[in-house]
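Coordinate analysis (summary)
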Amino acid sequence: MPVARPETSDARVIAHVDMDCFYVQVEQRKQPELRGLPSAVVQYNEWQGGGLIAVSYEARKCGVKRSMRGDEAKAACPEIQLVQVPVARGKADLNTYRSAGSEVVSILAQSGKCERASIDEVYLDLTDAAESMLADAPPESLESIDEEALKSHILGMSREDGVDFKESVRDWICRKDADRRDKLLGCGMIIVAELRKQVLKETEFTCSAGIAHNKMLAKLASGMNKPAQQTVVPYSAVQELLRSLPIKKMKQLGGKLGTSLQTDLGVDTVGDLLQFSETKLQEHYGVNTGTWLWNIARGISGEEVQGRLLPKSHGSGKTFPGPRALKSLSNVKHWLNQLSEELSERLSSDLEQNKRIASTLTLHATAFRSKDSDSHKKFPSKSCPLRYGVTKIQEDAFNLFQAALREYMGTFGIKPQGNKQDTWRITGLSVSASKIVDIPSGTSSIMRYFQSQPTTILSCSEDQCVQEHVAMTPSASEGCSEQISVETQAAMPGEDTKDTVLVSEKDVGSCPSNDATDAPSQSETNKCTQAKRIGRKINNSKEKNSGMPSIVDIFKNYNARPPSTQEDSTVSPTSKRANFGSSSSSHCSEVNQEVEERRETEWGYKIDEIDRSVFDELPVEIQREFRGLLRPNKRFDTGKSKGDGSASSIAHYFPPLNK
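What comes next concerns the included structure. (Residues numbered from 1 in each chain as written. Predicted model: local features only at pLDDT ≥ 70, side-chain atom pairs only at ≥ 80, totals over all residues. Heavy atoms only, no water.)

1. Quick word on the nonpolar core
Note on soluble globular proteins: their nonpolar side chains tend to be buried together. Grouped together as the largest cluster of nonpolar side chains are 52 residues, with contacts concentrated most on Val41, Leu108, Leu124, Met189, Phe205 and Ile211. Here this core gets 10 residues from one element, more than from any other, and that element is helix α9 (residues 180-203). Taken together, domain 1 (10-20 + 89-243) and domain 2 (21-88) each give at least three residues to this core, which thus spans both. Excluding anything up to four places from it in sequence, Phe205 contacts Met19, Phe22, Gln25, Val26, Arg29, Ala100, Val104, Val199 and Leu200. In this structure, Leu336, Leu347, Leu361 and Phe401 belong to the second largest nonpolar core, which totals 35 residues. (Core = buried A, V, L, I, M, F, W, Y, C linked by side-chain atoms within 4.5 Å. Buried < 20%, exposed > 50% of the residue type's maximum accessible area, 1.4 Å probe, protein only. Helix = DSSP H or I, 4+ residues; strand = E, 2+ residues; numbered from the N terminus. Domains from an automatic or database assignment. Contact = heavy atoms within 4.5 Å.)

2. Here we look at the environment of Lys215
Mapped onto the elements, Lys215 comes out in helix α10 (residues 215-222). Placed 87 residues apart in sequence, Lys215 and Gly302 show a C-alpha to C-alpha distance of 8.5 Å. The residues contacting Lys215, other than those within four sequence positions of it, are Ile14, Glu115, Tyr123, Glu303, Glu304 and Val305. In terms of polar contacts, Lys215 uses its side chain to reach the side chain of Glu115, at 3.0 Å. (Polar contact = N/O pair within 3.5 Å; in protein donor to acceptor, adjacent residues only side chain to side chain.)

3. Examining the state of the cysteines
Using the criterion set out here, one finds zero disulfides in the structure. For the unlinked cysteine Cys77, the closest cysteine sulfur is that of Cys62, found at 3.5 Å. On the basis of relative accessibility, which here comes to 1%, the residue Cys77 falls in the buried class. (Disulfide = S-S within 2.5 Å.)

4. Some details on the environment of Arg387
Within the secondary structure, Arg387 sits in the loop between β15 (382-385) and α16 (390-409). Looking at Arg387, the relative accessible area reads 1%, which means it is buried. It is 7.8 Å that separates the C-alpha atoms of Arg387 and Ser359, two residues lying 28 residues apart in sequence. At 3.0 Å, the side chain of Arg387 forms a polar contact with the side chain of Asp396.

5. A closer look at the sheet that holds strand β2 (residues 39-42)
One open sheet holds the three strands; their spatial order is β3-β2-β4, and the pairing between them is mixed. The sheet is open, and its two edges are formed by β3 (52-55) and β4 (81-84), each paired on a single side. Each strand of the sheet is rotated relative to its neighbour by a mean of 25°, with strand direction disregarded. Against the sheet, helix α2 (residues 22-30) touches β2, β3 and β4, its axis set at about 105° to β2. (Pairing = 2+ DSSP bridges. Axes fitted to C-alpha atoms, helices over the stretch in contact; angles between N-to-C directions.)

6. Considering the layout of surface pockets
Rolled over the atoms, a probe with the dimensions of a water molecule shows which regions are left empty. Put simply, the second largest pocket is a space of about 760 Å³. As for the second largest pocket, its lining consists of 23 residues, and the residues nearest its centre are Arg98, Arg116, Pro311, His314 and Arg346. Where the lining of the second largest pocket is concerned, the elements lending two or more residues are α5 (95-108), β7 (113-118) and α15 (329-354). Broken down by class, the residue content of the lining of the second largest pocket amounts to six nonpolar, 10 polar and seven charged. (1 Å grid on protein atoms, 1.4 Å probe; cavity = no way out; pocket = protein on both sides within 12 Å on 5 of 7 lines; lining within 4 Å. Points joined across faces, edges and corners; volume = space filled by probe spheres on them. Nonpolar A, V, L, I, M, F, W, Y, C, P; charged D, E, K, R; others polar.)

7. Section: α10
Buried residues dominate α10, accounting for seven of its eight residues. For α10, the full list of buried residues reads Lys215, Met216, Leu217, Ala218, Leu220, Ala221 and Ser222. The backbone nitrogen of Met216 has a side-chain oxygen 3.2 Å away, supplied by the residue at the start of α10, namely Asn214.

8. Examining α5
In this model, α5 (14 residues) spans 20 Å end to end at C-alpha, consistent with the 20 Å of a helix rising 1.5 Å per residue. Those residues of α5 lying buried are Tyr97, Arg98, Ala100, Gly101, Val104, Val105, Ile107 and Leu108. (Expected span 1.5 Å × (residues − 1).)

9. A short note on unusual backbone geometry
The residue after Lys226, namely Pro227, is reached through a cis peptide bond having omega 0°. With respect to the helices and strands, Pro227 occurs in the loop between α10 and β11 (230-232). For Gln252, which is not glycine, the phi dihedral falls at a positive 75°. Summarising the element assignment, Gln252 is placed in the loop between α11 (238-243) and α12 (256-265). Residue Gln252 is classed as partly exposed on the basis of its relative accessible area, which comes to 49%.

Here's what the structure looks like:
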């Protein structure tokens with residue numbers, strides 16, 4: 001957990017912006033007649049009117065709570081308007097709300113570093129904007145301050161009797177004797193008020209905000225005065241805020257750690273932590289957690305705004321409470337297929353719009369045993385490298401579930417009766433994609449390096465390119481579970497290189513000649529094709545090709561022809577042309593039959609048409625190889641002797657095509 005001392009964090013200006021009953025506002029924008037009426041958004045299931053997932057403030061005044069079902073809400077507030085959340089694939093479809101949240105984020109991100117924490121909440125680091133304002137147009141020099149900023153709630157602000165509330169806020173903002181921290185907060189108040197007005201104008205959504213010196217305090221403050229208001233926490237008011245705050249209300253203390261503090265140390269409020277020294281807390285909870293607890297009791301947090309507008313992961317899940325719990329593998333597979341389909345859509349959209357790919361697929365589930373005393377044993381989560389495509393995700397998700405179920409039930413714990421299972425029930429399923437990264441420039445297709453070739457060989461399907469990148473990305477295999485399907489293992493080479501075999505494949509062509517000759521001799525051809533066959537390491541004794549793209553696929557179907565103007569096949573260094581010759585003899589094996597049919601055919605590209613801007617994206621060895629072709633008279637010292645057998649060529653980096 002992050003640790004920071006006051007002097008490193010209390011000069012920042014952090015805002016937490018929280019949309020007010022956001023799902024209801026989205027539905028009210030679609031149906032303006034709902035504005036001002038008690039309303040709520042309910043889940044798609046019809047049991048007891050569906051579960052409430054968002055409640056308007058008008059309905060809250062009538063006693064309606066989010067924990068209610070639709071029928072309960074109608075009993076408490078007969079005039080309430082219930083709007084059903086959109087449905088897709090038998091579950092709630094939140095895409096409408098995600099898109100609406102993106103509208104808000106695009107506006108808020110204009111004023112500083114922005115971190116999208118969820119569909120309806122955002123963190124902003126406004127330190128730079130506040131410092132610029134303080135330097136150029138400090139609040140005390142302003143002729144007028146926006147009314148929205150004057151409605152701010154300032155914790156600890158003293159107010160004289162009879163003095164108007166807005167005037168008191170104005171006086172606090174414009175104090176000339178205020179320290180720099182409060183002046184920065186005053187600037188932050190004005191900036192956030194303007195942002196909230198802009199959000200309302202452009203999206204019709206209201207939002208509330210908390211403004212403080214760190215994320216922890218800003219989030220606490222944003223919920224104190226809702227809706228459509230903002231709250232400020234000066235450094236002098238931190239202890240007042242935390243003194244009576246229930247320990248379970250603090251982020252990360254709502255679970256077991258908070259319960260332990262209550263039962264073991266008698267801590268009921270955050271202020272109660274002040275009685276314990278840092279050493280004492282470390283003795284109970286370890287060095288890191290103990291120091292973190294000591295810090296939060298004093299309002300200290302070093303967690304920074306991450307500057308992230310896009311989600312860190314994508315997920316799709318569904319719960320199956322009570323009698324709706326899943327009891328058979330066929331039902332589990334059905335719902336995993338639905339969840340995987342939604343996940344695949346979101347991944348494809350992310351790839352198309354943001355040029356990002358995910359590397360890891362994870363399955364989570366909740367379950368219980370119907371005939372076991374250990375019925376609350378946690379269902380294990382499983383992960384594997386993610387393969388793009390609906391069918392692949394569905395297959396891998398189901399394989400992960402089966403592996404997790406075997407572990408959950410034990411080796412002999414599963415007793416199938418037909419297609420049903422008597423001893424387990426699934427109450428929740430979810431699949432998620434994580435380790436999302438931007439696609440590095442130049443990795444979409446290897447063919448961009450051969451720009452002078454005809455467009456007929458410049459094709460690489462999006463699925464192939466993505467799969468190729470994921471297969472070569474370290475994060476696709478690091479930290480993943482060993483429970484990987486056979487097909488996945490074939491498509492995603494593992495990191496463990498022990499007990500691997502080198503699989504020889506059909507030669508694509510003979511080795512490039514260092515000297516300019518008409519054609520390799522018969523003996524040279526045999527020697528070269530036997531000594532420099534392209535191969536790759538795999539973890540299985542048998543090669544299992546599952547569609548992983550290879551550059552050999554491209555070369556195999558390329559029908560090259562020697563230039564018609566070239567009478568002789570001799571190529572000199574001054575011709576500025578690099579050639580990869582291919583020839584065969586009657587002694588070649590059957591696997592070289594295709595190359596034999598293309599005897600005396602050359603494939604080449606013009607060096608002066610190579611896009612040299614991509615050189616820096618290539619591995620160092622390939623850079624040296626190409627630069628050697630560009631400047632054949634200049635030799636590059638690779639730091640290895642010719643005879644050590646460790647020199648690399650471009651062919652080393654591309655797996656061969658399976659026969």
